[in-house]
Structures are given as C-alpha cells and as structure tokens.
Amino acid sequence: MILKMIALLLPFWFTGYAIIPDYTEEERPVEIIYKDGERTFSKEQKEQISKIIFESEADIRKLLPTLPDGIRVELEIVDWDIEVVGGVTGRTETNNPPLVLLQISHVYPGGIDAAISEGLKSTVYHEFHHLSRGWAIQDNKYGPGIDIATVNEGLAEVFAETYTGAAFGANSPPEDGDSWMKEILALPTNASYRDSMFEHPDGRRAIGYRASNYLIRKVIATSGMDILELSSKSPENLIKLAGY
C-alpha cells in the first residue's frame, strides 16, 4: 500500500461524508473534492489547499512528464496523531482514474492551518510521484515484494524532499541503512507489508520507508544521477545500482 509513513497505523474509512465539490474552475487540471464530516475546511483553507495543489501539479508535471492527466484529489479532516509527517498523510488509491486521498489532522500543533502550511505540499509531491510511476493501491503496475515497495517509496520521498525542502525524521535514513536494506532484500515476496513498512514486531517503525531513503540517496551519490533520472528506472535496476 502506498502511504506516507504512519498512515497505515491508522484506520481508513470514509463513510458518512458528504462530498463537497471544490469551488474552483472546472478546467483546472486537478479536481479537488472535500469530504465534509463533523469538521469542515473553511473557505480560506480551501483557497490555500487549492493554491498548493494546483501550483504543485504544474511544477511536478514539468519535472515528471509521465504524470497522468485528470487527477482527482479527495481531502478530509481527521483527528490522527501524524505530527511526525507534518500533519498530513495520504495514499495513491488508483491509477485509472488517477485518484489521491489526503488526510489533514486538526490535532496537529497549530491546527489545520499549520498542517496545510507544513505538510501538504510534500505529501502532494510524494503521492503525485507515485502516480507518475503507476504505484497505486488498487491497480498497481508493479509486482509484490517489500523490495519493490521500498524502491518506489524511496523515490517518492527523496523527490518530495528534494523539491519541497520538507524532510521529516520519521522517514530519515537510518545510520545502519545498509543492514536494513539487506534485511529487506532477504525477505520473502509475501512478507508482511505492515511489519516491514510501518511497525515491526521488534519495535522499529517505518523500516521500509527509512531504508528506501537510504537506498535512493546511496544511488544518487554513487551513480551521479539525480532523482529525476532515477525516477524512470525499474526497482530492480535501482537495487542493482545501489550495489545489492
């Protein structure tokens, strides 16, 4: 599953919401939908969200030509503790149609406004990178395996960090990144996604996400290629370029 770190530690359900269409022009390249629950986004918050998403989409499309057209983004307000990722999390639900689901936490320090300011842009960059590669939950273009997930998440995370400047410790490369990568590569294809990507029984969290950041940065350092060049390569090729 494709989410920013921590997201799968929390329940995902979308029942009982009225879908509120975004107030912007229909010709915009991204359709924004607000899922209205007990709490609602203010007009000012919607304006800020729209500005960030539209500007991000335009900039990302210049960097990643494979970004699909007709993207739909659905947002909701949640009460999750996702401070470690800037108060915003999300997942790339489908490639066809291209659908991204985002959650913004009202319990984030500073509230919804702070989460929008500090976490939204990096999450959009992360999830739109997934769309550009076809890494989605429902109609994923890749085979199974924690190694495949690690590469795709690492590419998205480093891309977001590179172009937004936002980096969160929860996704940072571990000091013993090489051993974490070897551990991941030794896993069977059907290994638990939750254990490796979110909360491991030994107490470690986000092994796959943190190791993925290490992997991609290692490839950048050793190959001389940048994140855009790496984004066109297969997981197998990137693992090989990292020396594994």
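All figures in this text were calculated on a predicted structure; none of them were measured in a lab.

Engineer: Sorry, what's going on with the packing of helix 3 (residues 146-164) against helix 6 (residues 207-223) here?
Structural biologist: To characterise two packed helices, one gives the angle between the axes of the helices and the distance between these axes. Following both chains from N to C, one finds helix 3 and helix 6 inclined at 70°, their axes separated by 7 Å at the closest point. In terms of their interaxial angle, helix 3 and helix 6 are classed as roughly perpendicular. Contacts from T150, V151, E153, G154, L155, E157, V158 and E161 in helix 3 reach G208, Y209, A211, S212, N213, L215, I216, R217 and I220 in helix 6. Within the contact of helix 3 with helix 6, the residues separate by chemical class into 8 nonpolar, 5 polar and 4 charged.

Engineer: Sorry if this is basic, but what is going on with the side chain of T94 here?
Structural biologist: With respect to the helices, strands and loops of the structure, T94 is situated in strand 4 (residues 88-94). Accessibility expressed as a relative area gives 13% for T94, which makes it buried. From its side chain, T94 meets the backbone oxygen of P97 in a polar contact 2.5 Å long. Filtering out sequence-adjacent residues up to four positions away, T94 remains in contact with L99, L131, A136, Q138 and D139.

Engineer: I tried to follow the pattern of salt bridges on my own but got confused; where do I start?
Structural biologist: Counted according to the given criterion, the structure contains 13 salt bridges. In this structure, the salt-bridge partner of D178 is K182, at a minimum N-O distance of 3.1 Å. Taken together, the residues D178 and K182, both in helix 4 (residues 177-185) and 4 residues apart, mark about one turn of the helix. The class of D178 is partly exposed, set by a relative accessible area of 26%. Linked by salt bridges that have partners in common, E31, K35, R72 and E74 make up one network.

Engineer: How should I be thinking about the environment of I104 in this particular structure?
Structural biologist: Summarising the element assignment, I104 is placed in strand 5 (residues 99-105). Between the C-alpha atoms of I104 and F41, which are 63 residues apart in sequence, the distance is 10.0 Å. Setting aside chain neighbours within four positions, we find I104 in contact with F41, I49, L75, E76, I77, V78, G87, V88, I112, A115 and I116.

Engineer: Sorry, what's going on with the packing of aromatic side chains here?
Structural biologist: What characterises a pair of aromatic rings is the spacing of the ring centres plus the angle enclosed by the ring planes. Inspection of every chain in the model, using the stated rule, returns 6 aromatic pairs. Between Y193 and F198 the ring centres are 5.9 Å apart and the planes differ by 40°, which places this aromatic pair in the tilted class. With a relative accessible area of 0%, F198 lands in the buried category. Between F198 and Y209 the ring centres are 5.6 Å apart and the planes differ by 55°, which places this aromatic pair in the tilted class. Of the two residues, F198 sits in the loop between helix 5 (193-197) and helix 6 while Y209 sits in helix 6, which places them 11 residues apart along the sequence. A residue is classified by how much of its surface remains accessible, and Y209, at 1% relative accessible area, is buried. Among the aromatic residues, those joined into a ring-pair cluster are Y125, F159 and Y163. Taking the ring centre of W180 as reference, the NZ or CZ of R204 above it sits at 5.2 Å.

Engineer: What is the right way to look at the confidence of the model for the protein chain in this model?
Structural biologist: Of all residues in the protein chain, 89% attain a pLDDT of 70 or more, and the chain-wide mean is 90. When the criterion is pLDDT under 50, residues 5-24 qualifies, and its contacts beyond four places in sequence or with other chains add up to 63 contacts.

Engineer: I tried to follow the environment of K35 on my own but got confused; where do I start?
Structural biologist: Within the fold, K35 resides in strand 2 (residues 30-36). On the accessibility criterion, K35 (13% relative accessible area) is buried. Taking C-alpha positions, K35 is 5.9 Å from L75, a pair spaced 40 residues apart along the chain.

Cut-off values and rules
Residues numbered from 1 in each chain as written. Predicted model: local features only at pLDDT ≥ 70, side-chain atom pairs only at ≥ 80, totals over all residues. Heavy atoms only, no water. Axes fitted to C-alpha atoms, helices over the stretch in contact; angles between N-to-C directions. Helix = DSSP H or I, 4+ residues; strand = E, 2+ residues; numbered from the N terminus. Parallel < 35°, antiparallel > 145°, perpendicular 65-115°, else oblique. Contact = heavy atoms within 4.5 Å. Nonpolar A, V, L, I, M, F, W, Y, C, P; charged D, E, K, R; others polar. Buried < 20%, exposed > 50% of the residue type's maximum accessible area, 1.4 Å probe, protein only. Polar contact = N/O pair within 3.5 Å; in protein donor to acceptor, adjacent residues only side chain to side chain. Salt bridge = Lys/Arg side-chain N within 4 Å of Asp/Glu carboxyl O. Phe/Tyr/Trp six-rings, centres within 6.5 Å; stacked < 30°, edge-to-face > 60°. Lys NZ or Arg CZ within 6 Å of the ring centre and 35° of its normal. pLDDT = per-residue confidence, 0-100.

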